[in-house]
Amino acid sequence: MLNQQTMAQLQALGLQGMLRALNRQLDDPSIQKLNFDERFALLLDAETGDREGRKIERLLKSAKMRQANACLEDVDYRATRGIDPAQVASLGDCAWITRRQNLVLTGLTGTGKSWLACAFGKQACRSGHSVYFTTATQLYENLIAAQADGTLSKLRRQLVKTQLLIIDDFGIGGVDVHLGPILLDIIDQQSMQGSLLITSQFPQEKWYDLFNDPTVADAILDRIVHRAHFMELKGESMRKVRAKKS
């Protein structure tokens, strides 16, 4: 076994993956037959994998996604849902986030928009992108509270520093005339340094009517729509489908 000093040094350096891998090597006679370079390469691979895994865990935790178990591998592609497997596969490489493009998921309530948004959010975390999930209602409540206590600038920085901002249920209750300019500022900054994923029960052509200020509406929609991929989910409510199976 490793001596205590060596173990302590590896721990002090934060090389937990390498430490565990080295212990496994010492317990496996077949690996000990490998030369130094081969064994050392395995240790480096183990440390790299361990660090990547811990990074993904941190990203998933900070994303605060509503449906943490959602993942693209589990997408239900039954024909009635209208989900194109090729489009999901294409978007699954997350290159659209790197290119600072957006993704808009529309469809009636219960068709699985929030679940799919979380699945794309998890995929983004797996690809090393920072993600933050919020419902539109919660976002508006947080903006109002931040206005009241003087922390709006801090909240705005927190929102726009993420590489993928997910806004779920956009359009519910409309957009308050006083919040429109703030939302515009957030989306404007986000469009310059990150991407948006928006879900909505309303088709894109109805979004303009959600705003009380047409100027703000034009500016926000211009920043979202013209750089977006669109997916429309169809079929009956997935909640009803699951209820029938239970």
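Residues numbered from 1 in each chain as written. Predicted model: local features only at pLDDT ≥ 70, side-chain atom pairs only at ≥ 80, totals over all residues. Heavy atoms only, no water.

Overview of the overall build of the chain
Condition: Runs of H or I in DSSP of at least four residues are treated as helices and runs of E of at least two as strands, each being numbered from the N terminus. Here the globule rule reads 2.2 Å times residues to the power 0.38, and the radius of gyration is calculated from C-alpha atoms. Three labels apply to residues, based on accessible area from a 1.4 Å probe with only protein chains included: buried if under 20% of the type maximum, exposed if over 50%, partly exposed otherwise in between. What makes two residues a contact is simply this: any of their non-hydrogen atoms within 4.5 Å. By the counting scheme adopted, Arg and Lys are positive, Glu and Asp are negative, and His together with the chain ends is not counted. All charge positions are set by atom: Lys at NZ, Arg at CZ, Asp at CG, Glu at CD.
Within the chain one finds 12 helices and five strands. The C-alpha radius of gyration computed for the chain amounts to 23 Å, which surpasses the reference 18 Å derived for 246 residues by more than 25%, pointing to a less compact arrangement than a globule. For the C-alpha atoms alone, the extent of the chain along its principal axes is close to 70 × 50 × 35 Å. Out of the 246 residues belonging to the chain, those deemed buried represent 44%. Pairs at least 24 residues apart make up 80% of the contacts formed inside the chain by residues separated by at least 6 positions. The chain carries 31 positive and 28 negative side-chain charges, and their two centres are separated by 4 Å.

Examining the sheet that holds strand β1 (residues 102–107)
To be explicit about the condition: At least two DSSP bridges between two strands are needed for those strands to be called paired. For every element, the axis is a line fit to its C-alpha atoms; helices are fit only across the contacting stretch, and the angle between N-to-C directions ranges from 0 to 180 degrees.
One open sheet holds the five strands; their spatial order is β2-β3-β4-β1-β5, and the pairing between them is parallel. This sheet does not close on itself; its edge strands, each paired only once, are β2 (131–135) and β5 (228–233). Each neighbouring strand pair of the sheet contributes to a mean axis angle of 15 degrees, computed without reference to strand direction. With five bridges joining them, β2 and strand β3 (residues 164–168) adopt parallel strand pairing. The residue of β3 that forms the bridge with T134 is I167.

Focus: the pairing of strand β4 (residues 195–200)
The buried count for β4 comes to six of six residues, which makes it a mostly enclosed element. In β4, alternate side chains face the same way, and those of S195, L197 and T199 on one face and L196, I198 and S200 on the other are all buried. Both β1 and β4 contribute to a ladder of four bridges, which runs parallel. Within β4, the residue paired with V104 across the bridge is I198. Bridging between β3 and β4 involves four bridges; their strand directions are parallel. Across the sheet, L165 pairs through a bridge with L196, a residue of β4.

Regarding the pattern of salt bridges
Heads up, the rule is: We count a salt bridge whenever a side-chain nitrogen from Lys or Arg sits within 4 Å of a carboxyl oxygen from Asp or Glu.
The full count for this structure, using the stated rule, is five salt bridges. Put simply, D76 and R78 hold a salt bridge, and the shortest N to O gap is 2.7 Å. Among the salt bridges present, the one from R156 reaches D185, with a minimum N-O distance of 3.2 Å. Taken as a pair, R156 in helix α9 (residues 152–160) and D185 in helix α10 (residues 180–193) lie far apart in primary sequence, 29 residues in all. Accessibility expressed as a relative area gives 25% for D185, which makes it partly exposed.

Points about the side chain of T111
Under the convention used in this document: Counted as a polar contact is a pair of N or O atoms within 3.5 Å, where, for protein atoms, one must be capable of donating a hydrogen and the other of accepting one, and residues adjacent in sequence contribute only when both atoms are in side chains.
Relative to the helices and strands, T111 resides in the loop between β1 and α7 (113–126). Within the structure, the side chain of T111 is placed 2.6 Å from the backbone oxygen of L108, a separation counted as a polar contact.

A few points about a nonpolar patch on the surface
Applicable threshold: Patch criteria: residues need more than 30% relative accessible area and no salt bridge. Like-charged residues are merged within 9 Å; nonpolar side chains of Val, Leu, Ile, Met, Phe, Trp and Tyr are merged within 5 Å. All accessibility values rest on the Shrake-Rupley procedure with a 1.4 Å probe; residue burial counts only the protein chains present in the view.
A grouping of F36, F40 and L44 is seen on the molecular surface, where their side chains present a nonpolar patch of about 310 Å² in accessible area. Among the secondary structure elements, F36 is positioned in helix α4 (residues 36–63). On the basis of relative accessibility, which here comes to 61%, the residue F36 falls in the exposed class.

A short note on the packing of helix α2 (residues 16–27) against α4
Spelled out, the test is: For classification purposes, angles smaller than 35 degrees are called roughly parallel, those larger than 145 roughly antiparallel, those between 65 and 115 roughly perpendicular, and all remaining angles oblique. For any pair of crossing helices, the crossing counts as left-handed if the nearer helix is rotated counterclockwise from the farther one by less than a right angle, and right-handed if it is rotated clockwise. Residues were grouped as follows: Ala, Val, Leu, Ile, Met, Phe, Trp, Tyr, Cys and Pro as nonpolar; Asp, Glu, Lys and Arg as charged; and all remaining residues, including Gly, as polar.
The contact between α2 and α4 brings their axes to 7 Å, and the two run at 140 degrees. When the axes of α2 and α4 are compared, the pair comes out oblique. As for how α2 packs across α4, the hand of that crossing is right-handed. Here α2 contributes Q16, G17, M18, R20, A21, L22, R24, Q25 and L26 to the contact with α4, which in turn contributes R39, L42, L43, L44, A46, E47 and D50. Of the residues contributing to the contact of α2 with α4, the split by class is eight nonpolar, three polar and five charged.

Section: the packing of aromatic side chains
Rules: Put simply, two rings from Phe, Tyr or Trp (the six-membered ring, in Trp's case) pair if the centres are within 6.5 Å, and we call them stacked under 30 degrees between planes, edge-to-face over 60, tilted for the rest.
Scanning the entire structure with this criterion turns up two aromatic pairs. Judged by centre distance (5.2 Å) and plane angle (70 degrees), the ring pair of F170 and W207 falls under edge-to-face. Remark: W207 occurs in the loop between β4 and α11 (214–225) and F170 occurs in the loop between β3 and α10; sequence separation between them is 37 residues. In this pair, the class of F170 matches that of W207, namely buried. Aromatic side chains F170 and F211 sit 6.2 Å apart centroid to centroid with 50 degrees between the ring planes, which places their arrangement in the tilted category. Residue F170 is located in the loop between β3 and α10, and its partner F211 is located in the loop between β4 and α11; the two are separated by 41 residues in the primary sequence. For F211, a relative accessible area of 9% translates into the label buried. Taken together, the ring pairs connect F170, W207 and F211 into an aromatic cluster.

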